[in-house]
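So the chains spell out like this:
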Amino acid sequence: MRRTELPVVRRFGPLGHPARLTVAGFLAATVVGALLLMLPISSASGTSVPLSTALFTATSAVCVTGLVVVDTATYWSPFGQAVVLGLIQIGGLGIMTAASLLGLLVARRMGLRMQLIAQAETKTLRLGQTRRVVLGVVTMSLLVEAAIAVVLTLRRLSTSADSIGQAVYFGVFHAISAYNNAGFALHEDSLVRYASDAWMIVPITVAFILGGIGFPVVFEVSRAVRASRRGRRVAGWSLHTKITVLTYFGLLLFGAVLVTALEWTNPGTLGPLSLPGKLLTGAFHGASPRTAGFNSVDVGAMHPTTLLVNDVLMFIGGGSAGTAGGIKVTTFALLAFVVYAEVRGQPTVHVMGRRLAATVQRQAITVALLGVAVVLTATMILQQLSQLPLDAVLFEVVSAFGTVGLSTGITADLPAAGQVVLIVMMFIGRVGPITLASALALREYGRRYELPEERPIVG
């Protein structure tokens, strides 16, 4: 039977599709950041920075990953660190969100085209909400970062000999890095020296959870809280928020319990810590693989089983439209619902009083399978290039894809080609398989009619 396909009407020109602009925006920010980091003023030694080092660091910062090939505190000058911090903020908010805000401030109005572009980045469901969401994203980000920075600054002043300026810089840097799930730290050992310091660990954990759970969820929950305080009735949470909250915190508890149990007696990680220290560190490392990237113990000393648990958590990631990476908790949950419905022989998938659209199910399957394919391909390439242990290589690749930043310590030792693989993985992990595929697609097609159905044997 002959198929007749009609092109779907485009909303944008070849260079104007929101997905393509998102990819182009991240590429532009990465290139500009790399060029700035190559300047002699960016290095602590005052010499020009190699392109490979600058490009890797810029990609890691824009993609809010946290993997590094040089120590952030000692290799980069204050100017270089400021560039890294700026790239983290830009990457966290999203290139299109920042561009939308700039257009709003300059023109005092936002046209339909700009709203659609911002909508693609912030994942808002209704076009009319885009302006409010963009402003809300920026406002919430700055408020959370400021609050966390104050706490970290005060704690730093009380526990170190830093001046007020140094303490403020420490607090601001780690607050921005934490909220944007970047994982960059001003210590070579990340947060190992603060493993048992709740005044450092807890605020950072709160910051990366708020940033990683997703802007739509935070907006909806905060709006419901404000309405209830005023005595007004509010509708229940949306299905997206319900799924995200339940899955995110369910996996957080799962990770915390499992990591704590597996590492309890490990002399290289939790073993030497006190009981409160073990519980705090175990909980922190159950949450950090959700793309935060900070570590308070030596990740390279963890048991292989713990590394595998971290691989799973990093691959799943955090909430949609947040600063986290991975395939997202909603994707993971939707796949579980699809499997449950299929096992029970149900023709459609019902979740919490709602029926899932077939397009949503296909999107979840596509995102997950593309993610698996990308991770496996990169792991095989990196394994061949480095000849390092498989568990360490897989951990590094998943960390890059999930824009996590945790490392077993092999990143700087990888050959140049291996670091390029990680650069590509970080970029793909940030823009997302679906966004990247949409950006590269030339045209979309719609079928006039369907072909006869046939069912091949499965399994």
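Before any of the text, the structure's been laid out above.
Residues numbered from 1 in each chain as written. Predicted model: local features only at pLDDT ≥ 70, side-chain atom pairs only at ≥ 80, totals over all residues. Heavy atoms only, no water.

Remarks on the overall build of the protein
The secondary structure content of the protein amounts to 18 helices and four strands. Of all 459 residues assigned to the protein, the portion counted as buried reaches 51%. As displayed, the protein offers around 21,900 Å² of accessible surface, 66% of which is attributable to carbon and sulfur atoms. (Helix = DSSP H or I, 4+ residues; strand = E, 2+ residues; numbered from the N terminus. Buried < 20%, exposed > 50% of the residue type's maximum accessible area, 1.4 Å probe, protein only. Areas by Shrake-Rupley, 256 points an atom, 1.4 Å probe, with all protein chains shown as cover.)

Here's the deal with the side chain of Thr 323
Of note, Thr 323 is situated in the loop between helix H13 (304–316) and helix H14 (329–343). Of note is the side chain of Thr 323, whose polar atom sits 3.1 Å from the backbone oxygen of Tyr 179. (Polar contact = N/O pair within 3.5 Å; in protein donor to acceptor, adjacent residues only side chain to side chain.)

Some thoughts on a positive patch on the surface
Taken together, the side chains of Arg 132, Arg 223, Arg 226, Arg 230 and Arg 232 present a region of like positive charge at the surface. A relative accessible area of 48% places Arg 132 in the partly exposed class. (Patch = residues over 30% accessible without salt bridge, like charges linked within 9 Å, V, L, I, M, F, W, Y side chains within 5 Å. Salt bridge = Lys/Arg side-chain N within 4 Å of Asp/Glu carboxyl O. Lys, Arg positive; Asp, Glu negative; His and termini not counted. Charge placed at Lys NZ, Arg CZ, Asp CG, Glu CD.)

With respect to the nonpolar core
Of all hydrophobic cores here, the largest spans 95 residues; its most connected members are Ile 88, Ile 204, Phe 208, Phe 294 and Met 425. It is helix H17 (residues 416–431) that provides the largest number of residues to this core, a total of eight residues. Excluding its chain neighbours within four sequence positions, the residues that come into contact with Phe 208 are Ala 178, Tyr 179, Asn 181, Tyr 248, Phe 284, Ala 287, Ser 288, Ala 292 and Phe 294. Counting residues in each nonpolar core, the second largest holds nine residues, with Leu 334, Val 338, Val 349 and Ala 364 among its members. (Core = buried A, V, L, I, M, F, W, Y, C linked by side-chain atoms within 4.5 Å. Contact = heavy atoms within 4.5 Å.)

Observations regarding the layout of surface pockets
Considering only enclosed or pocket space, the second largest pocket measures out at about 550 Å³ in volume. Around the second largest pocket sit 29 residues that line it, and Val 68, Glu 188, Ser 190, Asn 295 and Ser 407 are the ones nearest its centre. Grouping the amino acids of the lining of the second largest pocket by side-chain chemistry returns 12 nonpolar, 13 polar and four charged. (1 Å grid on protein atoms, 1.4 Å probe; cavity = no way out; pocket = protein on both sides within 12 Å on 5 of 7 lines; lining within 4 Å. Points joined across faces, edges and corners; volume = space filled by probe spheres on them. Nonpolar A, V, L, I, M, F, W, Y, C, P; charged D, E, K, R; others polar.)

Regarding the packing of helix H2 (residues 51–62) against helix H4 (residues 78–93)
For any two helices packed against each other, one specifies the inter-axial angle together with the distance between the axes. Packing of H2 against H4 brings their axes to within 7 Å, and their N-to-C directions diverge by 40°. When the axis of H2 is compared with that of H4, the two are oblique. The residues of H4 that touch H2, namely those facing Thr 57, Ala 58, Ala 61 and Val 62, are Val 84, Leu 87, Ile 88 and Gly 91. By residue class, the composition of the contact of H2 with H4 is six nonpolar, two polar and no charged. (Axes fitted to C-alpha atoms, helices over the stretch in contact; angles between N-to-C directions. Parallel < 35°, antiparallel > 145°, perpendicular 65-115°, else oblique.)

Looking at empty space enclosed by the protein
Taken as a whole and judged by the stated rule, the model has one cavity of 30 Å³ or more. As for the largest cavity, its lining consists of Val 259, Glu 263, Thr 269, Leu 270, Thr 281, Gly 282, His 285, Val 297 and Met 302. Every element with two or more residues in the lining of the largest cavity is listed here: helix H11 (239–263) and helix H12 (275–287). The element best represented in the lining of the largest cavity is H12, accounting for three residues.

Here's the deal with unusual backbone geometry
One non-glycine residue, Lys 328, lies in the positive phi region at around 85°. If you trace the backbone, Lys 328 turns up in the loop between H13 and H14. Classification of Lys 328 as buried rests on a relative accessible area of 16%. The backbone of Thr 403 sits at a positive phi, close to 50°, despite the residue not being glycine. Here Thr 403 shows up in the loop between helix H16 (390–401) and H17. Given a relative accessible area of 1%, Thr 403 falls into the buried group.

Details of the packing of aromatic side chains
Counted by the stated rule, this structure contains six aromatic pairs. Note on Tyr 75 and Trp 76: the rings are 5.0 Å apart at their centroids and 80° apart in plane angle, and the pair reads as edge-to-face. Accessibility expressed as a relative area gives 26% for Tyr 75, which makes it partly exposed. Trp 76 sits in the buried class, given a relative accessible area of 3%. The interplanar angle of 70° and the centroid separation of 5.4 Å between the aromatic rings of Tyr 248 and Phe 249 together place this pair among those described as edge-to-face. You can call Tyr 248 buried: its relative accessible area is 0%. Its relative accessible area of 38% is what places Phe 249 among the partly exposed residues. One cation-aromatic arrangement involves Arg 156 over Phe 170; the distance from NZ or CZ to the ring centre is 4.4 Å. Sitting over the ring of Tyr 248, Arg 290 keeps its end group 4.5 Å from the ring centre. (Phe/Tyr/Trp six-rings, centres within 6.5 Å; stacked < 30°, edge-to-face > 60°. Lys NZ or Arg CZ within 6 Å of the ring centre and 35° of its normal.)

Focus: the packing of H4 against helix H8 (residues 164–179)
Packing of H4 against H8 brings their axes to within 9 Å, and their N-to-C directions diverge by 35°. Once H4 is placed against H8, the crossing between them reads as left-handed. Contacts between H4 and H8 pair Gln 81, Leu 85, Ile 88 and Gln 89 from the former with Tyr 169, Phe 173, Ile 176 and Ser 177 from the latter. Classifying every residue of the contact of H4 with H8 gives five nonpolar, three polar and no charged. (Left-handed = near helix turned anticlockwise from the far one by under 90°.)

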